[in-house]
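# Descriptive analysis of the structure
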Amino acid sequence: MSHPTPAGATPSPAPRPARSTSPTPGAPPTVREPAHVPVAHVVRGGVVEGVHYGSVVVLAPDGGVEYRAGDIEAAFYPRSALKPVQAVGLLRAGLPPLDGEALALTAASHSGEERHLATARRILDAAGLTEDDLRNVPDLPYGPAVRDEWIRAGRGPSRLAQNCSGKHAAMLMTARARGWSLEDYLDPGHPLQREIASTVEELTGQGVARVTVDGCGAPLFAVSLYGLTRAAARIATAAPDSAEGRVAHAMREHPEMVSGSGRDVAGLMRAVPGLLAKDGFEGVQIAALPDGRAVGVKIADGADRARMPVTAAALARCGVDPEVLAMFDHAPVIGGGREVGTLRAAAAPGAASSAA
């Protein structure tokens, strides 16, 4: 049976790209309880009401650590912040050519908007597959407004609406192109997942400490915050014709496909020229500039509200204009229907207190 080839994707197998020679990855990071430190203060009426602990790393253009707070070398799970690395792994494994929107969706935690669902369908159609071939967990759309409308329409959880469906569709497309089995494409021992793990180790520069299952059902690899941030910098600075460069370009050109309308990550990439950014559940955020400066953030309690203010403070350390970051560097604390305080990054040692 023949299948149509929608615009933006082709079912013909692409030749597997040659991989540049890279140093052997170092030892895996140590599995331990991370020694997190205060990274954000919730201030109400001039009093520190709450403290978010976490870890932060800022890399210089040469890859050196310019600033660190907490434990940037303990093993942790990057969650969806790893998706740009996984997208690179898929291209290296033989993912057929995709247009920019579809490739951006491959690295996305999308909101479940119709354009996201339509693009995931295009990827599946190009591979001669359907939503029934997906093995991610059915879910409601991630975007609150989209989810509310979805429920009002009487629709239930679906695999296509789940925020990782673009990554899963691309995984299936790659497996189909390489002639690999489809039913078990999420098994860590599957050739596809072994290829992705190899890319994770190469770009982070370290071995994988542990492998578990992410929320969507895909394998999840434990690395360090430092390693994850180094991988982000390598993607952001890569040659345009490399797998890394292609992923970076797609994400920069289509930030709303990587996240969704009104999402802070899309807004941040729009505000800072050339920035590559990706969030992950449990308070993870990476951001990298074209010259190699990069930041990595992990909020210990997984609180999403602290993720962006801490990231903005880290980007300010990279030299990004604070005025550009003003809409991202705080979250209001509300009392009686009005703003009575703020959530901001905690002051670094020796700096003025954020509670002042």
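Starting from 1, residues in each chain are numbered consecutively following that chain's sequence as written. Local features in this predicted model are restricted to residues whose pLDDT is 70 or higher, and side-chain atom pairs enter the listing and the counts only when it is 80 or higher, whereas totals over whole chains, interfaces and linings include all residues. Hydrogen atoms and water are omitted, and side-chain values are computed over all heavy atoms in the structure.

## Describing the pairing of strand β8 (residues 276-280)
The buried fraction of β8 amounts to five of the five residues, a majority that puts the element mostly inside the structure. Of the pairings in the sheet, the one linking β8 to strand β9 (residues 284-288) comprises five bridges and is antiparallel in character. From the neighbouring strand, G280 faces β9, where its bridge partner is V284. By the convention used here, strands pair only if DSSP detects at least 2 bridges between them. Put simply, DSSP marks the helices as runs of H or I at least four residues long and the strands as runs of E at least two long, and each gets a number from the N terminus on. Where β8 folds back onto β9 in an antiparallel hairpin, the turn is made up of three residues, including E282, whose phi is positive at roughly 65°. Burial classes: relative accessible area under 20% of the type maximum marks a residue as buried, over 50% as exposed, and values in between as partly exposed (1.4 Å probe, protein chains only).

## Some points on the pairing of strand β2 (residues 47-59)
Two elements, strand β1 (residues 37-44) and β2, share seven bridges in a ladder whose sense is antiparallel. Bridge pairing in β2 places R44 opposite V47. Taken together, β1 and the strand that follows it, β2, pair antiparallel across an intervening segment of two residues, in which G45 is found at a positive phi of about 60°. As paired strands, β2 and strand β10 (residues 294-299) are joined by six bridges and run antiparallel to one another. By the bridge assignment, V58 is partnered in β10 with V295.

## Some points on helix α1 (residues 83-93)
Within α1, eleven of the eleven residues are buried, which leaves the element mostly enclosed by the surrounding structure. All of the buried residues in α1 are K83, P84, V85, Q86, A87, V88, G89, L90, L91, R92 and A93.

## A closer look at the packing of helix α5 (residues 165-178) against helix α6 (residues 191-204)
In this description, a line fitted to the C-alpha atoms serves as the axis of each element, helices being fitted only across the stretch in contact, and the angle between N-to-C directions of two axes falls anywhere from 0 to 180 degrees. Put simply, α5 and α6 touch, their axes get as near as 10 Å, and they point 115° apart. Comparing their axes, α6 and α5 come out roughly perpendicular. Of the two elements, α5 crosses α6, and the hand of that crossing is right-handed. Where α5 approaches α6, its residues M171, T174 and R178 are matched on the opposing element by L192, Q193, E195 and I196. Here the contact of α5 with α6 is composed, by residue class, of three nonpolar, two polar and two charged. We call two directions roughly parallel when the angle between them is under 35 degrees, roughly antiparallel when it is over 145, roughly perpendicular when it lies between 65 and 115, and oblique otherwise. Take the far helix as your reference; a near helix turned counterclockwise from it by less than a right angle gives a left-handed crossing, and one turned clockwise gives a right-handed crossing. Two residues qualify as a contact provided that any one of their heavy atoms is within 4.5 Å of a heavy atom in the partner residue. Here the term charged refers only to Asp, Glu, Lys and Arg, the term nonpolar to Ala, Val, Leu, Ile, Met, Phe, Trp, Tyr, Cys and Pro, and the term polar to all other amino acids, Gly among them.

## Remarks on the pattern of salt bridges
Each salt bridge in this description consists of a side-chain nitrogen of Lys or Arg and a carboxyl oxygen of Asp or Glu lying within 4 Å of one another. A full pass over the atoms with the stated rule returns 17 salt bridges. The residue E114 makes a salt bridge to R121 at a minimum N-O spacing of 3.1 Å. Of the residues examined, E114 reaches a relative accessible area of 47% and is grouped as partly exposed. The partner of E149 in a salt bridge is R152, and the shortest N-O contact between them spans 2.9 Å. With E149 and R152 both in helix α4 (residues 144-152), this residue pair falls three residues apart, about one helical turn.

## Here we look at the confidence of the model for the chain
As a per-residue measure, pLDDT tells how confident the predictor is, with possible values from 0 to 100. Taken over all residues, the pLDDT of the chain has a mean of 92, while the share at 70 or more is 91%. Every residue in residues 1-18 is under pLDDT 50, and counting partners more than four places away or in other chains gives 37 contacts. Low pLDDT (under 50) marks residues 349-356, which in the prediction has ten contacts with non-local residues, meaning those over four places away or in another chain.

## So, the side chain of S111
The residue S111 is located in the loop between α2 (100-106) and α3 (114-126) in this model. A relative accessible area of 3% places S111 in the buried class. Here a polar contact means two N or O atoms within 3.5 Å. Within protein one must be a hydrogen donor candidate and the other an acceptor candidate, and residues neighboring in sequence count only if both atoms are side-chain atoms. A distance of 2.7 Å separates a polar atom in the side chain of S111 from a polar atom in the side chain of R263.

## Concerning the environment of R152
Judged by relative accessible area, which is 61%, R152 ranks as exposed. Each C-alpha atom, one on R152 and one on L289, is 40 Å from the other, the two residues being 137 residues apart in sequence. Among the polar contacts made by the side chain of R152, one reaches the side chain of E149 at a distance of 2.9 Å.

## Digging into the environment of K298
Mapped onto the elements, K298 comes out in strand β10. The sequence separation of K298 and H36 amounts to 262 residues, and the corresponding C-alpha distance is 9.0 Å. Filtering out sequence-adjacent residues up to four positions away, K298 remains in contact with H36, Y53, G54, S55, F76, L225, E282, G283 and V284. Separated by 2.6 Å, the side chain of K298 and the backbone oxygen of E282 make a polar contact.

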